[in-house]
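Residue strings, one per chain:
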Amino acid sequence: METLKFAKMNGTGNDFVVFDNRAGRIKFSKQDIVKICRRKFGIDADGLLMIEKKKGYDFYMRFYNNDGSEAGMCGNGSRCICRFAYLIGAAGRKMSFCAKDGPHRAEIMAGTNVRVLMSEPHSLNDGIKVRAAGRMFTGGFVNTGVPHFVIETKNIDKLDIVKTGREIRFSKMFAPAGTNVMFIEKISADKYRIRSYERGVEDETLACGTGATASAIILASRGRVKS
(Lines give C-alpha, C1' and ligand atoms only; values in the text may rest on other atoms or scores of the structure.)
Protein backbone atom coordinates (compact mmCIF):
# COMPACT_ATOMS: atom_id res chain seq x y z
CA MET A 1 0.00 0.00 0.00
CA GLU A 2 1.42 3.38 -1.03
CA THR A 3 1.53 6.21 1.49
CA LEU A 4 0.36 9.51 0.03
CA LYS A 5 1.26 12.93 1.39
CA PHE A 6 -1.45 15.57 1.47
CA ALA A 7 -2.11 19.05 2.83
CA LYS A 8 -5.28 20.18 4.61
CA MET A 9 -6.14 23.78 3.76
CA ASN A 10 -9.04 26.16 4.12
CA GLY A 11 -10.05 29.38 2.41
CA THR A 12 -12.54 31.48 4.40
CA GLY A 13 -13.87 28.29 5.99
CA ASN A 14 -14.07 26.17 2.83
CA ASP A 15 -11.78 23.24 3.64
CA PHE A 16 -9.92 20.98 1.23
CA VAL A 17 -7.61 18.00 1.02
CA VAL A 18 -4.80 18.86 -1.42
CA PHE A 19 -2.50 16.47 -3.32
CA ASP A 20 0.51 17.03 -5.56
CA ASN A 21 -0.22 14.79 -8.55
CA ARG A 22 2.26 16.22 -11.04
CA ALA A 23 3.73 12.73 -11.43
CA GLY A 24 0.28 11.48 -12.46
CA ARG A 25 0.40 8.43 -10.17
CA ILE A 26 -2.64 9.21 -8.00
CA LYS A 27 -5.85 7.61 -9.26
CA PHE A 28 -8.89 8.09 -7.03
CA SER A 29 -12.29 6.57 -7.65
CA LYS A 30 -15.46 8.45 -6.76
CA GLN A 31 -15.79 6.20 -3.72
CA ASP A 32 -12.21 6.99 -2.67
CA ILE A 33 -12.95 10.74 -2.74
CA VAL A 34 -16.12 10.30 -0.70
CA LYS A 35 -14.19 8.32 1.95
CA ILE A 36 -11.32 10.82 2.07
CA CYS A 37 -13.61 13.85 2.44
CA ARG A 38 -16.15 12.22 4.74
CA ARG A 39 -16.96 14.35 7.77
CA LYS A 40 -15.85 12.93 11.13
CA PHE A 41 -14.73 9.57 9.69
CA GLY A 42 -12.44 10.70 6.86
CA ILE A 43 -9.92 13.51 6.59
CA ASP A 44 -13.00 15.78 6.60
CA ALA A 45 -13.35 18.34 3.80
CA ASP A 46 -15.70 20.18 1.44
CA GLY A 47 -13.64 18.91 -1.47
CA LEU A 48 -10.44 17.43 -2.85
CA LEU A 49 -7.88 19.30 -4.96
CA MET A 50 -5.05 17.95 -7.10
CA ILE A 51 -2.21 19.74 -8.87
CA GLU A 52 -1.46 18.15 -12.23
CA LYS A 53 0.81 19.04 -15.13
CA LYS A 54 -0.59 21.13 -17.97
CA LYS A 55 1.38 22.28 -21.00
CA GLY A 56 1.51 26.06 -21.27
CA TYR A 57 0.53 26.59 -17.63
CA ASP A 58 2.18 26.26 -14.24
CA PHE A 59 -0.33 23.54 -13.39
CA TYR A 60 -3.83 22.14 -13.85
CA MET A 61 -6.25 22.34 -10.92
CA ARG A 62 -8.51 19.30 -10.64
CA PHE A 63 -11.35 19.75 -8.16
CA TYR A 64 -13.80 17.25 -6.72
CA ASN A 65 -16.72 17.97 -4.42
CA ASN A 66 -16.96 15.75 -1.36
CA ASP A 67 -19.60 13.60 -3.06
CA GLY A 68 -16.95 12.59 -5.61
CA SER A 69 -18.30 14.70 -8.48
CA GLU A 70 -15.81 16.78 -10.49
CA ALA A 71 -16.64 20.49 -10.67
CA GLY A 72 -15.63 23.19 -13.11
CA MET A 73 -14.19 25.65 -10.60
CA CYS A 74 -13.92 26.49 -6.91
CA GLY A 75 -12.97 30.03 -5.92
CA ASN A 76 -11.67 29.33 -2.42
CA GLY A 77 -10.20 26.03 -3.59
CA SER A 78 -8.26 27.84 -6.30
CA ARG A 79 -6.80 30.24 -3.73
CA CYS A 80 -5.70 27.29 -1.61
CA ILE A 81 -4.15 25.32 -4.46
CA CYS A 82 -2.29 28.40 -5.73
CA ARG A 83 -0.71 28.92 -2.33
CA PHE A 84 0.06 25.19 -2.18
CA ALA A 85 1.70 25.36 -5.63
CA TYR A 86 3.82 28.30 -4.48
CA LEU A 87 4.87 26.56 -1.26
CA ILE A 88 5.98 23.36 -3.02
CA GLY A 89 7.82 25.27 -5.77
CA ALA A 90 5.40 24.36 -8.57
CA ALA A 91 4.80 28.05 -9.36
CA GLY A 92 6.17 31.50 -8.60
CA ARG A 93 4.33 34.40 -6.98
CA LYS A 94 2.60 35.15 -10.28
CA MET A 95 1.20 32.08 -11.96
CA SER A 96 -1.18 30.77 -14.57
CA PHE A 97 -3.23 27.63 -14.16
CA CYS A 98 -6.06 25.86 -15.90
CA ALA A 99 -9.21 24.38 -14.37
CA LYS A 100 -12.14 22.59 -15.95
CA ASP A 101 -13.80 25.94 -16.67
CA GLY A 102 -10.71 27.29 -18.47
CA PRO A 103 -7.54 29.34 -17.84
CA HIS A 104 -6.87 31.55 -14.81
CA ARG A 105 -4.16 33.82 -13.47
CA ALA A 106 -3.24 34.21 -9.83
CA GLU A 107 -0.86 36.10 -7.59
CA ILE A 108 0.47 35.41 -4.10
CA MET A 109 -0.04 38.58 -2.07
CA ALA A 110 1.21 39.66 1.36
CA GLY A 111 0.82 37.17 4.18
CA THR A 112 -1.35 34.23 3.15
CA ASN A 113 -3.55 36.20 0.75
CA VAL A 114 -4.00 34.95 -2.81
CA ARG A 115 -5.66 36.84 -5.67
CA VAL A 116 -7.27 34.79 -8.46
CA LEU A 117 -8.74 36.01 -11.74
CA MET A 118 -12.06 34.21 -12.15
CA SER A 119 -13.45 33.09 -15.49
CA GLU A 120 -15.79 35.38 -17.42
CA PRO A 121 -19.30 35.07 -15.94
CA HIS A 122 -22.06 34.00 -18.30
CA SER A 123 -25.73 33.00 -18.54
CA LEU A 124 -26.95 35.91 -16.40
CA ASN A 125 -30.72 35.68 -15.95
CA ASP A 126 -32.47 37.72 -13.26
CA GLY A 127 -36.03 37.67 -11.97
CA ILE A 128 -36.38 33.88 -11.83
CA LYS A 129 -39.10 32.60 -9.50
CA VAL A 130 -38.73 29.28 -7.70
CA ARG A 131 -40.96 27.70 -5.05
CA ALA A 132 -39.23 26.03 -2.12
CA ALA A 133 -39.98 25.35 1.56
CA GLY A 134 -43.58 26.48 1.07
CA ARG A 135 -42.82 29.93 -0.32
CA MET A 136 -41.83 31.67 -3.53
CA PHE A 137 -38.30 32.97 -3.97
CA THR A 138 -37.16 35.38 -6.68
CA GLY A 139 -33.49 35.46 -7.60
CA GLY A 140 -30.84 35.83 -10.24
CA PHE A 141 -28.84 33.12 -11.95
CA VAL A 142 -25.26 33.43 -13.20
CA ASN A 143 -22.43 31.00 -13.95
CA THR A 144 -19.05 32.04 -12.48
CA GLY A 145 -17.29 28.79 -13.33
CA VAL A 146 -20.14 26.86 -11.73
CA PRO A 147 -23.87 27.79 -11.63
CA HIS A 148 -25.34 29.95 -8.87
CA PHE A 149 -28.83 31.13 -7.97
CA VAL A 150 -28.66 34.26 -5.79
CA ILE A 151 -31.53 35.31 -3.52
CA GLU A 152 -31.75 38.60 -1.63
CA THR A 153 -33.59 38.05 1.64
CA LYS A 154 -34.12 39.34 5.18
CA ASN A 155 -33.70 37.55 8.51
CA ILE A 156 -31.10 35.29 6.93
CA ASP A 157 -30.33 33.57 10.24
CA LYS A 158 -33.90 32.29 10.52
CA LEU A 159 -33.82 30.51 7.15
CA ASP A 160 -33.47 26.74 6.97
CA ILE A 161 -30.60 26.97 4.47
CA VAL A 162 -30.21 23.22 3.96
CA LYS A 163 -33.91 22.46 3.37
CA THR A 164 -34.56 25.51 1.20
CA GLY A 165 -31.27 25.34 -0.65
CA ARG A 166 -31.66 21.65 -1.40
CA GLU A 167 -35.16 22.10 -2.83
CA ILE A 168 -33.95 24.89 -5.11
CA ARG A 169 -30.77 23.02 -6.07
CA PHE A 170 -32.87 20.05 -7.27
CA SER A 171 -35.67 22.17 -8.78
CA LYS A 172 -36.76 21.31 -12.31
CA MET A 173 -35.97 24.94 -13.11
CA PHE A 174 -32.23 24.13 -12.93
CA ALA A 175 -32.28 20.53 -14.16
CA PRO A 176 -30.35 18.52 -15.04
CA ALA A 177 -27.13 20.08 -13.68
CA GLY A 178 -28.68 21.77 -10.64
CA THR A 179 -27.28 24.90 -9.03
CA ASN A 180 -25.56 26.30 -5.97
CA VAL A 181 -27.80 28.62 -3.96
CA MET A 182 -26.64 31.85 -2.30
CA PHE A 183 -28.81 33.65 0.26
CA ILE A 184 -27.67 37.24 0.80
CA GLU A 185 -28.76 39.99 3.19
CA LYS A 186 -27.74 43.64 3.22
CA ILE A 187 -26.14 44.75 6.49
CA SER A 188 -24.77 48.18 5.47
CA ALA A 189 -24.32 50.35 2.38
CA ASP A 190 -21.53 48.24 0.95
CA LYS A 191 -21.71 44.99 2.93
CA TYR A 192 -23.79 41.87 2.53
CA ARG A 193 -23.90 38.63 4.47
CA ILE A 194 -23.97 35.39 2.50
CA ARG A 195 -25.08 31.90 3.45
CA SER A 196 -24.34 29.25 0.87
CA TYR A 197 -25.80 25.89 -0.09
CA GLU A 198 -23.30 24.08 -2.29
CA ARG A 199 -24.15 21.53 -4.94
CA GLY A 200 -21.90 18.48 -4.59
CA VAL A 201 -21.45 19.07 -0.88
CA GLU A 202 -25.26 19.04 -0.49
CA ASP A 203 -25.06 21.10 2.65
CA GLU A 204 -24.42 24.62 3.91
CA THR A 205 -20.75 25.58 3.71
CA LEU A 206 -18.95 28.33 5.62
CA ALA A 207 -18.08 30.16 2.40
CA CYS A 208 -18.20 29.90 -1.39
CA GLY A 209 -15.81 31.91 -3.56
CA THR A 210 -17.64 31.48 -6.86
CA GLY A 211 -20.86 32.19 -4.95
CA ALA A 212 -19.49 35.43 -3.50
CA THR A 213 -18.49 36.43 -7.04
CA ALA A 214 -21.94 35.53 -8.37
CA SER A 215 -23.62 37.52 -5.59
CA ALA A 216 -21.54 40.61 -6.37
CA ILE A 217 -22.38 40.32 -10.07
CA ILE A 218 -26.13 40.00 -9.41
CA LEU A 219 -26.10 42.94 -6.99
CA ALA A 220 -24.12 45.10 -9.41
CA SER A 221 -26.46 44.23 -12.27
CA ARG A 222 -29.35 45.48 -10.12
CA GLY A 223 -27.52 48.69 -9.23
CA ARG A 224 -27.38 47.75 -5.55
CA VAL A 225 -23.62 48.12 -5.23
CA LYS A 226 -20.73 49.80 -6.99
CA SER A 227 -18.14 47.75 -8.87
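Everything below is about the structure printed above this text.
Sequence order as written defines residue numbering, which begins from 1 separately in each chain. Given that the model is predicted, a residue must reach a pLDDT of at least 70 before its local features are reported, and side-chain atom pairs must reach 80 or more before they are shown or counted; all residues, however, enter totals for whole chains, interfaces and linings. Water and hydrogen atoms were dropped before computing side-chain values, which therefore reflect all heavy atoms in the structure.

### Observations regarding the packing of aromatic side chains
Two measures describe an aromatic ring pair: the distance that separates the ring centres and the angle between the ring planes.
Working step 1: Paired rings are identified among Phe, Tyr and Trp, the last through its six-membered ring, by centres lying within 6.5 Å, and are further divided according to the angle between planes into stacked (under 30 degrees), edge-to-face (over 60) and tilted (the rest). Counting across every chain of the model gives seven aromatic pairs.
Working step 2: For the pair Phe137 and Phe183, a centre-to-centre distance of 6.4 Å together with 75° between the ring planes defines the contact as edge-to-face. With Phe137 in strand β9 (residues 135–143) and Phe183 in strand β11 (residues 180–188), this pair connects stretches of sequence that are 46 residues apart. Just as Phe137 is buried, Phe183 falls in that class too.
Working step 3: Summarising the aromatic geometry, the rings of Phe149 and Phe174 are spaced 5.1 Å apart at their centres and angled 50° between planes, so their arrangement reads as tilted. A residue pair is termed long-range when its members are at least 10 positions apart, and Phe149 in strand β10 (residues 147–152) and Phe174 in the loop between α3 (161–169) and β11 qualify at 25 residues. Both residues of the pair, Phe149 and Phe174, belong to the buried class. Numbering of helices and strands starts at the N terminus; helices are DSSP runs of H or I of at least 4 residues and strands are runs of E of at least 2. For every residue, the accessible area (1.4 Å probe, protein chains only) is compared with the maximum for its type, and the residue is labelled buried under 20%, exposed over 50%, or partly exposed between those bounds.

### A word on the environment of Gly209
Working step 1: Assignment of secondary structure puts Gly209 in helix α4 (residues 209–221).
Working step 2: When the C-alpha positions of Gly209 and Thr144 are compared, they lie 9.5 Å apart, and in sequence the two are 65 residues distant.
Working step 3: Dropping the residues within four chain positions of it, Gly209 is found in contact with Asn14, Gly75 and Asn76. In this description, contact between two residues means that some pair of their heavy atoms is separated by no more than 4.5 Å.

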